Number of protein chains: 4
Amino acid sequence: MKKVGIITKKGMPGAVNAVRGAVKSLRKKGFEVFVESELASDLKITGYQRNDIPAHAEMIIVLGGDGTLLHAAGLIGGREIPILGVNLGGLGFITEITLNEIPDAINKIASGKYSLEERIMLSARVDRRGKQVFKAGALNDVVIHKSALARMIEFDARVDRREVTTLRADGLIIATPTGSTAHSLSAGGPILYPTLGAFVVTPICPHTLTNRPIVLPDKFILEVSIKMGDEVYLTLDGQVGFPLKVQDTVKVRKAGYKTKFIRLSGRDYFEVLRTKLKWGKR
Amino acid sequence: MKKVGIITKKGMPGAVNAVRGAVKSLRKKGFEVFVESELASDLKITGYQRNDIPAHAEMIIVLGGDGTLLHAAGLIGGREIPILGVNLGGLGFITEITLNEIPDAINKIASGKYSLEERIMLSARVDRRGKQVFKAGALNDVVIHKSALARMIEFDARVDRREVTTLRADGLIIATPTGSTAHSLSAGGPILYPTLGAFVVTPICPHTLTNRPIVLPDKFILEVSIKMGDEVYLTLDGQVGFPLKVQDTVKVRKAGYKTKFIRLSGRDYFEVLRTKLKWGKR
Amino acid sequence: MKKVGIITKKGMPGAVNAVRGAVKSLRKKGFEVFVESELASDLKITGYQRNDIPAHAEMIIVLGGDGTLLHAAGLIGGREIPILGVNLGGLGFITEITLNEIPDAINKIASGKYSLEERIMLSARVDRRGKQVFKAGALNDVVIHKSALARMIEFDARVDRREVTTLRADGLIIATPTGSTAHSLSAGGPILYPTLGAFVVTPICPHTLTNRPIVLPDKFILEVSIKMGDEVYLTLDGQVGFPLKVQDTVKVRKAGYKTKFIRLSGRDYFEVLRTKLKWGKR
Amino acid sequence: MKKVGIITKKGMPGAVNAVRGAVKSLRKKGFEVFVESELASDLKITGYQRNDIPAHAEMIIVLGGDGTLLHAAGLIGGREIPILGVNLGGLGFITEITLNEIPDAINKIASGKYSLEERIMLSARVDRRGKQVFKAGALNDVVIHKSALARMIEFDARVDRREVTTLRADGLIIATPTGSTAHSLSAGGPILYPTLGAFVVTPICPHTLTNRPIVLPDKFILEVSIKMGDEVYLTLDGQVGFPLKVQDTVKVRKAGYKTKFIRLSGRDYFEVLRTKLKWGKR
């Protein structure tokens, strides 16, 4: 892993200085660095389009919050390049270190003192009149949601071609273990331990109150067909959006590739939960 | 109450026959009838614009589901004309009778054998840079919601000018007792007994899990200011939509007028809950 | 209000010194003080049985947490003597000041710089074969609960003699607005604003998932009849327990008296919610 | 599988006739039948203690509801004898057929037309001062619960010796996929697909509202240590009870054996959910 790409949160204040520091530390250790064009000119180095960076790199450092990291995971897709998430503010669910820990982290990586943690991703495709019209991957979640102005949507859910139910709701979240602590949790879903081979299907504001979150083995394929609903959208990791039409079918399954996080700290998953969910006291 | 307006669900199959029957029954009892233009020509009587009907009538019969009834309540607004809700399908939360019970209902009304049940309504107004840009009423609920493609919204809530909290969520529902069994219930809100002088503020998918539904006396004024969020909409009773901008303030209070339902059956509220929520067995 | 009773949490460390300080401050301002026997001997003053203190006092200072305050409210019952709650640890939902604020608080009270905040209480009675076998009041909640070893209980609920439903659950909480942030909140109930004229009925682990919390006007009487269940108990404010038998009927209504809290700080209710529920950040 | 034990719900009306019919059908097909003593005398055949039946049998027919079936699964324990669940009332979550389907079911079994469905079980043991004082298995759930009269309990949870959190709650449910639709669902837990290699840890009325259900891989060992709480009990499948003391540690892990259900009908799991949870309409 001698080629390192750096992806930075758009409009992040102090980005130039942060990246300059990281580049310096990386070069000192003999890494080749690939930086986005916006920052490269300030740093007087060659710049690359963000989307092209994963093609050049063997490892990606992400400066930003969980959102930027999700975006980077989407760009990396099937390349399975390890990601080091650097949080700018407080601790994130999936970011690993904070800004001032970068030099130390680079030293550790250079001397092989890290581990890789794999997380499953979801793959979602949309079929319209028998033809695939959209396909993309997600690390956190695939969400089907009505527009703010539309009434409820109605859809049929099937698992491995078996009928589950006809559901009327504001939307539906299909979340990986990684995404179980994000949107799905807010909608009433459970926390899934990161290594669990499963995804959770969580309805948003279901009309039928007994439509509860259901956790399925990740070998299953979930199919959702839109039966009714004027303006329905598919979003992946809260970032990529695609408008759905009545009779469209969304197929969600485990992706053929994983996201790999670089782990340095030995910070335990339950410690993250305790901090982020403020366990300890009410 | 000798002047009766009839409002019918748009595109309802069999509407002409249903209305013809109702008109016949009403005229036999000496009522003057006001019908929408679309149906009037078939019935060979004078027709009116739907929006104008409340101005002519002393009572409104609504043929449709709870949705059409909500729409009619909005049209009636401050006129406080009594409504008789006629459900086309199964029992509704707020409709009173079914189609074939119309003749009997008209007899009862003609001989004064009915009671009026009052329900509070909400009034919502939007202020933008100190100026009111929108105002309307709602019988069920006022909803502030992000678009399907947008990330979470952030807003400040105040009650009677006192700070409540800064909230990050997909949206916020302010529901009357009447609306407490609709969208708010799906979002995790409680049921409010219809005559309770209160409204419930229910967050939709709140980022902070301890942001729970809160029931407030209906003399309070709730103010919500949009702090962050690209595409945010205000909807009333799931029907009227208005796009909100950052820094807009939405003020929600009890309306100065009420909706009045004509009650004939003595059907008890808890019986409605048992039927609609399928209590009795799991 | 020149006669002040002091009630202290049992086994509270440092109680003698805390009470000594309070007694000194009170006497300086000309108050007559009534203290429990356990502490009185250390203070070399006349002591009283805890249960007798309200009969002597015109005001009660409670040193302890929300639990001790609930106990004191129960002792005071219909006497409606104002209570000043002093929290030993962090901020409580209903305690008003902390230990070191006592002298300042006494000065304010002596010079009339305080307000009284009234909270409704519940009255619960148990009828067995047509005869009343138990009666007591509660400031927070009345709970009907199965024993840990028993299976689910089944009971009929009626409101003002109208059937609500037959419920199968682990238990049922009837909470005042004051109690809505305690056990009921943990069981999924909403927050009720303190001045709301209502109580909330929250099922604990209901077999039927659509049995949701319901908020009722406080003029209603709730009747719960035990139909099935081996070991069922009634508890008030988590303190008083009474074993129920099959066919017993528990009647819960608003008590004829209120609890009066002395308010000094102008601390707003929403500020308490923000602090106790950790609103602000996830 | 030529030796069949029959276990019947205690006090079940019509048990003698039901068992007589089953015995007749079984013998016609050449099965040897083992029946409980209470019923055997009426049937004029040799009877056995219920607890001894699994030792004689290669297959168990259970007449009763899900409760009786859970009891039978507990008796069978590590023997892994296949169970055919016969429901007396409506459809159960885990029972397979109804009373009048017995003869047909026996024919199918005799001719090998059945499949076996394996379900994981939990094993719970209690350690007190370093010594094991209790051990048993559960098909549905292991529940730690305070008594009805006690205040909240406080316990520490660890997973594979890693600290999870200190929890204050009424109780804690550890449920298998099979048990996820029972008590855990009522307490707010998700549905786990039956073949998922996981269990769910669901708090009952947690003091900290962010203590949400968490789904863990079934290779993990959950350890719960009681820190505070006067009367705390451990129950398995709602049947076996054991009183816990402060400082006791409960260890819950996947049992080394499974429950095997005989499946005849091809009834799909989602069909069971739709029926039992009344999906389809609100």
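Residues numbered from 1 in each chain as written. Chains lettered and ligands numbered in written order. Predicted model: local features only at pLDDT ≥ 70, side-chain atom pairs only at ≥ 80, totals over all residues. Heavy atoms only, no water.

## Thoughts on the overall build of chain A
Each helix and strand in chain A was counted, giving seven helices and 19 strands. Taking contacts inside chain A between residues at least 6 apart in sequence as the whole, the part at least 24 apart equals 65%. Carbon and sulfur atoms form 47% of the exposed surface of chain A, whose accessible area is close to 10900 Å². If the 42 positive side-chain charges of chain A are averaged to one point and the 28 negative ones to another, these points end up 2 Å apart. (Helix = DSSP H or I, 4+ residues; strand = E, 2+ residues; numbered from the N terminus. Contact = heavy atoms within 4.5 Å. Areas by Shrake-Rupley, 256 points an atom, 1.4 Å probe, with all protein chains shown as cover. Lys, Arg positive; Asp, Glu negative; His and termini not counted. Charge placed at Lys NZ, Arg CZ, Asp CG, Glu CD.)

## Quick word on the relation of the copies chain C and chain A
In screw terms, the move from chain C to chain A is a rotation of 180 degrees and a rise of 0.1 Å along the axis, fitting with an RMSD of 0.1 Å. Here the symmetry operator amounts to a two-fold rotation axis. Same-surface contact between copies: 100% of interface residues of chain C are shared with the interface of chain A. (Least-squares fit on C-alpha atoms with pLDDT ≥ 70 in both.)

## A closer look at the sheet that holds strand 14 (residues 198-204) of chain D
Strand order in the open sheet formed by seven strands is 13(A)-15(D)-14(D)-12(D)-9(D)-17(D)-18(D), with mixed pairing between adjacent strands. The open sheet is flanked by strand 13 (191-192) of chain A together with strand 18 (240-244) of chain D, the only strands paired with a single partner. Where strand 12 (residues 171-175) of chain D and strand 14 of chain D come together, five bridges link them in antiparallel fashion. Looking across to strand 14 of chain D, one finds that Ile174 of chain D is bridged to Val201 of chain D. (Pairing = 2+ DSSP bridges.)

## What to know about the interface of chain C and chain A
Interface size is commonly expressed as the accessible area that is lost once the parts come together. Taken together, the 13 residues of chain C in the interface contact 13 residues of chain A. Both sides together, the interface formed by chain C and chain A hides about 1000 Å², and carbon and sulfur atoms give 49% of it. On inspection of chain C and its partner chain A, the count reaches zero salt bridges. Where chain C touches chain A, the interface holds zero residue pairs in polar contact (both at pLDDT 80 or more). (Buried area = accessible area lost by both parts, 1.4 Å probe. Salt bridge = Lys/Arg side-chain N within 4 Å of Asp/Glu carboxyl O. Polar contact = N/O pair within 3.5 Å; in protein donor to acceptor, adjacent residues only side chain to side chain.)

## Regarding the interface of chain C and chain B
Tallying the contact residues gives 37 residues for chain C and 37 residues for chain B. Buried area between chain C and chain B, summed over both chains or domains, comes out near 3400 Å², and the portion from carbon and sulfur atoms is 57%. For the pair chain C and chain B, the number of links is four salt bridges. In this structure, Arg274 of chain B and Glu163 of chain C form a salt bridge, with 3.9 Å as the shortest nitrogen-oxygen distance. Counting the contacts that link chain C with chain B gives 24 residue pairs in polar contact (both at pLDDT 80 or more). Residue assignment for the side of chain C that touches chain B shows that the elements contributing at least two residues are strand 11 (162-169), strand 13 (191-192), strand 15 (214-217) and helix 7 (269-276) of chain C. For the side of chain C that touches chain B, a count of residues per class yields 19 nonpolar, 10 polar and eight charged. In this sheet, strand 15 of chain C lies alongside strand 13 (residues 191-192) of chain B in parallel orientation, the contact comprising two bridges. (Nonpolar A, V, L, I, M, F, W, Y, C, P; charged D, E, K, R; others polar.)

## Thoughts on the side chain of Thr165 of chain A
Looking at the secondary structure, you find Thr165 of chain A in strand 11 (residues 162-169). By relative accessible area, which is 6% here, Thr165 of chain A ends up buried. (Buried < 20%, exposed > 50% of the residue type's maximum accessible area, 1.4 Å probe, protein only.)

## Points about helix 5 (residues 102-110) of chain A
Residue and element names in this part refer to chain A. Of the residues making up helix 5, those classed as buried are Ile102, Ala105, Ile106 and Ile109. For helix 5, the arc enclosing every buried residue in end-on projection is 100 degrees, short of the 170-degree limit, so these residues lie on one face. Structurally, helix 5 contributes buried residues whose contacts are with helix 1 (15-28), strand 4 (59-63), strand 5 (83-87), strand 6 (97-98) and strand 19 (249-263). One or two residues past the end of helix 5 sits Gly112, with phi positive at roughly 75 degrees. (Arc of directions from axis to C-beta.)

## What about the sheet that holds strand 12 (residues 171-175) of chain B?
Here seven strands make up an open sheet; going across it, the order is 18(B)-17(B)-9(B)-12(B)-14(B)-15(B)-13(C) and the pairing mixed. What marks the edges here is a single partner per strand, and that holds for strand 18 (240-244) of chain B together with strand 13 of chain C.

## Digging into the pattern of salt bridges
Enumeration according to the criterion identifies 68 salt bridges over all chains in this entry. Residue Arg128 of chain A is joined to Asp248 of chain A by a salt bridge in which the shortest nitrogen-to-oxygen separation is 2.7 Å. Residue Arg128 of chain A is found in strand 7 (residues 115-128), and its partner Asp248 of chain A is found in the loop between strand 18 (240-244) and strand 19; the two are separated by 120 residues along the sequence. Lys10 of chain B is the salt-bridge partner of Glu38 of chain B, the closest N and O atoms lying 3.2 Å from each other. Separated by 28 residues along the polypeptide, Glu38 of chain B in helix 2 (residues 37-43) and Lys10 of chain B in the loop between strand 1 (3-8) and helix 1 (15-28) bring together distant segments of the chain. Overall, the relative accessible area of 49% leaves Glu38 of chain B in the partly exposed class.

## Here's the deal with a positive patch on the surface
Positive charge collects at one region of the surface, where Lys2, Lys24, Lys28 and Lys29 of chain A lie side by side. With respect to the secondary-structure elements, Lys2 of chain A resides in the segment before strand 1 (3-8). (Patch = residues over 30% accessible without salt bridge, like charges linked within 9 Å, V, L, I, M, F, W, Y side chains within 5 Å.)

## Quick word on the relation of the copies chain C and chain B
Of the transformation superimposing chain C on chain B, the axial component is 0.0 Å and the angular component is 180 degrees, with the fit at an RMSD of 0.0 Å. Interface overlap between copies: 100% of the residues of chain C at the interface are likewise at the interface in chain B, consistent with a symmetric, same-surface contact.

## As for the environment of Glu58 of chain A
All names here are of chain A. Along the chain, Glu58 turns up in the loop between helix 3 (53-56) and strand 4. Spatially, the C-alpha atom of Glu58 lies 6.0 Å from that of Val4, the residues being 54 residues apart in sequence. Excluding residues that lie within four positions of it along the chain, Glu58 makes contacts with Met1, Lys2, Lys3, Ile81 and Pro82. Among the polar contacts made by the side chain of Glu58, one reaches the main-chain amide nitrogen of Lys2 at a distance of 2.5 Å.

## Some points on the side chain of Thr178 of chain A
Residue and element names in this part refer to chain A. Note on placement: Thr178 falls in the loop between strand 12 (171-175) and helix 6 (183-186). Residue Thr178 is classed as buried on the basis of its relative accessible area, which comes to 6%. For Thr178, the residues in contact, after removing those within four places along its chain, are Ile94, Arg119, Leu139 and Asn140.

## A few points about the state of the cysteines
Overall, the coordinates contain zero disulfides over all chains when judged by the stated rule. As a non-bridged cysteine, Cys205 of chain A has Cys205 of chain B as the owner of its nearest cysteine sulfur, 5.8 Å distant. (Disulfide = S-S within 2.5 Å.)

## Some details on the packing of helix 1 (residues 15-28) of chain C against helix 5 (residues 102-110) of chain C
All names here are of chain C. Running from N to C, helix 1 and helix 5 cross one another at 25 degrees; their axes reach a closest spacing of 9 Å. Relative to helix 5, helix 1 is oriented roughly parallel. Crossing geometry of helix 1 relative to helix 5 is assigned as right-handed. Contacts from Ala22, Ser25 and Leu26 in helix 1 reach Ile102, Pro103 and Ile106 in helix 5. Residues that form the contact of helix 1 with helix 5 fall into these classes: five nonpolar, one polar and no charged. (Axes fitted to C-alpha atoms, helices over the stretch in contact; angles between N-to-C directions. Parallel < 35°, antiparallel > 145°, perpendicular 65-115°, else oblique. Left-handed = near helix turned anticlockwise from the far one by under 90°.)

## Looking at the domain arrangement of chain A
Residues and elements named next belong to chain A. With domains assigned, chain A is organised as domain 1 (3-113 + 265-277) and domain 2 (121-256). Computed from C-alpha coordinates alone, the two centres of domain 1 and domain 2 are separated by 30 Å. Taken over both partners, the interface formed by domain 1 and domain 2 buries close to 1000 Å², and the fraction arising from carbon and sulfur atoms is 70%. On the domain 1 side of the contact with domain 2, Leu70, Phe93 and Tyr269 bury the most area, a combined 49% of that side's loss. Taken together, domain 1 and domain 2 are joined by zero salt bridges. At the junction of domain 1 with domain 2, the criterion picks out two residue pairs in polar contact (both at pLDDT 80 or more). (Domains from an automatic or database assignment.)

## Some words on the environment of Ser111 of chain C
By the secondary structure assignment, Ser111 of chain C is in the loop between helix 5 and strand 7 (115-128). With 82 residues separating them along the chain, Ser111 of chain C and Lys29 of chain C place their C-alpha atoms 9.5 Å apart.

## Observations concerning the pairing of strand 19 (residues 249-263) of chain D
Residues and elements named next belong to chain D. Here strand 7 (residues 115-128) runs beside strand 19; their pairing, made up of 12 bridges, is antiparallel. The residue of strand 19 that forms the bridge with Leu122 is Lys254. Bridge analysis of strand 16 (residues 222-228) against strand 19 gives four bridges, and the strand direction is antiparallel. Considered in strand 19, the bridge of Val224 is made with Val250.

## Some words on the packing of aromatic side chains
With the rule as written, the count across this model stands at 24 aromatic pairs over all chains. The interplanar angle of 80 degrees and the centroid separation of 5.4 Å between the aromatic rings of Tyr193 of chain D and Tyr269 of chain D together place this pair among those described as edge-to-face. A residue pair is termed long-range when its members are at least 10 positions apart, and Tyr193 of chain D in the loop between strand 13 (191-192) and strand 14 and Tyr269 of chain D in helix 7 (residues 269-276) qualify at 76 residues. Taken together, the ring pairs in this structure connect Tyr193, Tyr269 and Phe270 of chain A together with Phe220 of chain D into an aromatic cluster. One cation-aromatic arrangement involves Lys2 of chain A over Phe31 of chain A; the distance from NZ or CZ to the ring centre is 4.3 Å. (Phe/Tyr/Trp six-rings, centres within 6.5 Å; stacked < 30°, edge-to-face > 60°. Lys NZ or Arg CZ within 6 Å of the ring centre and 35° of its normal.)

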